[in-house]
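# Examining the three-dimensional arrangement
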Amino acid sequence: MRNSDGGSERTLNAETPPARDTVGLYTVLGVGQRATPVELKRAYRRLALQHHPDRNPGAATDGSNFVRIQYAYDVLSDERKRRIYDRYGEMGIQMAGRVGGELLDPQVSNMLSGFAFVSSLVALLFVLFFAFLAQRVDRKINWPYSVVFAPLWTVDLAVLIVVVSALLKRVITGFSSSQANSDYASHDEAAVSSSYATTEDDENEGIVSDTCDRSTDAPINAAEDADTSTSASPSPFGSAPATDATPLLGGAGPNYSNNNSQRRHQRSRRRRHHPRLRYLRKFVETQLACVARAAPIAYLLLLALFQVSIVLKLDGHVSWSIWRVAAPWLAIEAIHGLLLTLQLVATILKANEGRAASPTVRQLLVVALDTYWWFLIRVVLAVLVVLRLNHSISWHWALVFAPSYLPAIRSVITLCLLRRQLRAMGDAEVAQNESAIVLASLS
């Protein structure tokens, strides 16, 4: 069999090549390293038919050539295995099935290497920024703050480029997919319109016969629908026992008409309210998606504006108040608060669609507190810091940073309550709810 370079015929064997040999399997199939999946399949089929043991019963080999061909095609036809083989050879294929073998994938390793490089570069820029800031505050250097903030602006520019490229890629992908869907829809519409004329007469004949069949089966279908509607929505308190007052097969019991009226009222209420809730939830989710899509760019621009305002204020180029300097940061928190509000409203509407009763005020307060917990802490802390820097209040800085102590206090209270609950529980209950207990202790 000749290889892709036009070499001489070489015998296939099952001997293991060197660990770093990254061309042996390609030579087995007689293709080059740039072979496409179609070329791989074509070469595999040709060699499999040629070296199959059933087609060569009198051959001197015992099927090792066919096994080697099958192994080569199994490795090279898999994109992940092929990437590993192209870099590490067959030793990498053997190690890929072990623990941590995913790191041998060049795509994964390149991604991790890039992440490590970028994170190290960002950390270095932050170290430089704080070093320059410390030197400037101690008056050991007389650089303007625009130079001191240069490392921080480099990070902002890099993040802005990444976010804009990701958004452009998403827009291009969405446009191409929508174009493909429109072409596919137009093709289907043309096919349906061409076949509609041939099937219209048959459908008309089928409608007549189907109408006659349904007219005879209407009472049965109505009874089945009524039975299904009553059994598909069980009561949250359990099903009522069969008594004379509530006959299972119908009849004139004392409360039978009242039960029917209640069920009809509940069905009409669900039909009347659920579409409204569903429409409102979809509207809120649409607005949430729009705000979430535009939030990263808005965050970056406002953060850069906040840094520029600080630099202009510290260098004495403007005489703005602290409130005006901190306005971009407060705008960031306002956008985040809008996102949290939309998420909370969408969650409440989605929960109300399948509930017969609305949530209580206590449940709403608990959900709202969990949603706005960190947001409120950040906003209160930012407002207190601005007031202190603006000399509107003369509190001690330890009191100004009091909101930052609340998460630790909440964690301590949660752990104390959890310990009290564990003491009241038995060993079996503790073992059964072990995962929930761990999550509660970490939250």
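Bear in mind that the values here come from a model prediction, so they are computed numbers and not experimental data. (Residues numbered from 1 in each chain as written. Predicted model: local features only at pLDDT ≥ 70, side-chain atom pairs only at ≥ 80, totals over all residues. Heavy atoms only, no water.)

## Here we look at the overall build of the protein
Regarding its fold elements, the protein presents 16 helices and zero strands. If you take every contact in the protein between residues at least 6 apart in sequence, the share linking residues at least 24 apart comes to 55%. Accessible surface for the protein amounts to roughly 30900 Å². Of this, 62% is attributable to carbon and sulfur atoms. (Helix = DSSP H or I, 4+ residues; strand = E, 2+ residues; numbered from the N terminus. Contact = heavy atoms within 4.5 Å. Areas by Shrake-Rupley, 256 points an atom, 1.4 Å probe, with all protein chains shown as cover.)

## Digging into the confidence of the model for the protein
For residues with low pLDDT, the predicted coordinates do not support detailed interpretation. Looking at the protein, pLDDT values average 74 and 64% of them are 70 or higher. The least confident element of the protein, judged by mean pLDDT, is helix α16 (residues 434–442) at 55; the most confident is helix α10 (residues 322–325) at 93. Per-residue pLDDT stays below 50 along residues 1–19; that stretch engages in 34 contacts with residues further than four places along the chain or on separate chains. Note on residues 195–254: pLDDT is under 50 here. Beyond four places in sequence and across chains, it has 17 contacts. (pLDDT = per-residue confidence, 0-100.)

## A word on the packing of aromatic side chains
Considering all chains together, one arrives at nine aromatic pairs under this definition. Ring geometry for phenylalanine 132 versus tryptophan 143: centroids 5.2 Å apart, planes at 75°, classification edge-to-face. Taken together, the residues span a long stretch of sequence, with phenylalanine 132 in helix α6 (residues 106–137) and tryptophan 143 in the loop between α6 and α7 (145–148) at a distance of eleven residues. A residue is classified by how much of its surface remains accessible, and phenylalanine 132, at 23% relative accessible area, is partly exposed. Between phenylalanine 149 and tryptophan 153, the ring centres sit 6.3 Å apart and the planes meet at 40°, which makes this aromatic pair tilted. Take tryptophan 153: its relative accessible area is 27%, and that puts it in the partly exposed class. (Phe/Tyr/Trp six-rings, centres within 6.5 Å; stacked < 30°, edge-to-face > 60°. Buried < 20%, exposed > 50% of the residue type's maximum accessible area, 1.4 Å probe, protein only.)

## Considerations on a nonpolar patch on the surface
Residues Leu389, Trp397, Phe401, Tyr405, Leu406, Ile409, Ile413 and Leu417 make up a contiguous nonpolar surface patch of roughly 740 Å² in combined accessible area. Take the nonpolar patch: its biggest share by element is four residues, from helix α14 (residues 406–424). By the element assignment, isoleucine 409 lies in helix α14. Classification of isoleucine 409 as partly exposed rests on a relative accessible area of 44%. (Patch = residues over 30% accessible without salt bridge, like charges linked within 9 Å, V, L, I, M, F, W, Y side chains within 5 Å. Salt bridge = Lys/Arg side-chain N within 4 Å of Asp/Glu carboxyl O.)

## A look at the packing of helix α12 (residues 361–389) against α14
Where α12 meets α14, the closest approach of the two axes is 11 Å, and the angle between their N-to-C directions is 145°. Across the interface between the two elements, Asp370, Trp373, Trp374 and Ile377 from α12 touch Leu406, Pro407 and Arg410 from α14. Taken together, the residues of the contact of α12 with α14 sort by class into five nonpolar, no polar and two charged. (Axes fitted to C-alpha atoms, helices over the stretch in contact; angles between N-to-C directions. Nonpolar A, V, L, I, M, F, W, Y, C, P; charged D, E, K, R; others polar.)

## Re the nonpolar core
Considering soluble globular proteins, one finds that nonpolar side chains tend to be buried as a cluster. Membership of the largest hydrophobic core comes to 21 residues, with the highest contact counts inside it found for Leu29, Val31, Leu40, Leu76 and Tyr85. When residues of this core are traced back to their parent elements, those giving at least two are α1 (24–29), α2 (37–51), α3 (64–76), α4 (79–88) and α5 (90–96). Here the element with the most residues in this core is α3; it accounts for six residues. Not counting the four nearest positions on each side in its chain, leucine 76 is found in contact with Leu25, Tyr26, Leu29, Leu40, Arg82 and Tyr85. Core analysis: the second largest hydrophobic core is formed by seven residues, Val284, Leu339, Leu342 and Leu349 among them. (Core = buried A, V, L, I, M, F, W, Y, C linked by side-chain atoms within 4.5 Å.)

## Some thoughts on the environment of glutamine 343
Of note, glutamine 343 is situated in helix α11 (residues 327–353). Taking C-alpha positions, glutamine 343 is 7.8 Å from glutamate 285, a pair spaced 58 residues apart along the chain.

## Points about the packing of α4 against α6
Contact geometry for α4 and α6: axes closest at 8 Å, N-to-C directions at 75°. When the axes of α4 and α6 are compared, the pair comes out roughly perpendicular. Where α4 approaches α6, its residues Arg83, Ile84 and Arg87 are matched on the opposing element by Pro106, Gln107, Ser109 and Asn110. (Parallel < 35°, antiparallel > 145°, perpendicular 65-115°, else oblique.)

## Thoughts on α3
Because each turn of an α-helix spans 3.6 residues, side chains separated by three or four positions end up pointing in the same direction. For α3, which comprises 13 residues, the first-to-last C-alpha distance of 18 Å matches the rise-based estimate of 18 Å (1.5 Å per residue) to within 8%. Each element contacted by the buried residues of α3 is listed here: α1, α2, α4 and α5. (Expected span 1.5 Å × (residues − 1).)

## A closer look at the layout of surface pockets
What the second largest pocket holds in volume is close to 650 Å³. Those elements giving two or more residues to the lining of the second largest pocket turn out to be α6, α9 (256–314), α10, α11 and α12. Broken down by element, the lining of the second largest pocket gets its largest block of residues, six residues, from α12. Broken down by class, the residue content of the lining of the second largest pocket amounts to 21 nonpolar, no polar and three charged. (1 Å grid on protein atoms, 1.4 Å probe; cavity = no way out; pocket = protein on both sides within 12 Å on 5 of 7 lines; lining within 4 Å. Points joined across faces, edges and corners; volume = space filled by probe spheres on them.)

## A look at the side chain of arginine 388
Examined against the element boundaries, arginine 388 turns out to sit in helix α12. Buried arginine 388, no salt bridge; nearest opposite-charge side chain is aspartate 138, N-O distance 18 Å. Engagement of the side chain of arginine 388 in a polar contact is seen with the backbone oxygen of tryptophan 395, the distance being 2.7 Å. Filtering out sequence-adjacent residues up to four positions away, arginine 388 remains in contact with Ile393, Ser394, Trp395, Trp397 and Val400. (Lys, Arg positive; Asp, Glu negative; His and termini not counted. Polar contact = N/O pair within 3.5 Å; in protein donor to acceptor, adjacent residues only side chain to side chain.)

## As for the side chain of serine 309
Here serine 309 shows up in helix α9. Using a relative accessible area of 4% as the deciding quantity, one classes serine 309 as buried. Discounting chain neighbours no more than four positions away, the residues touching serine 309 are Trp320, Val325 and Pro328.

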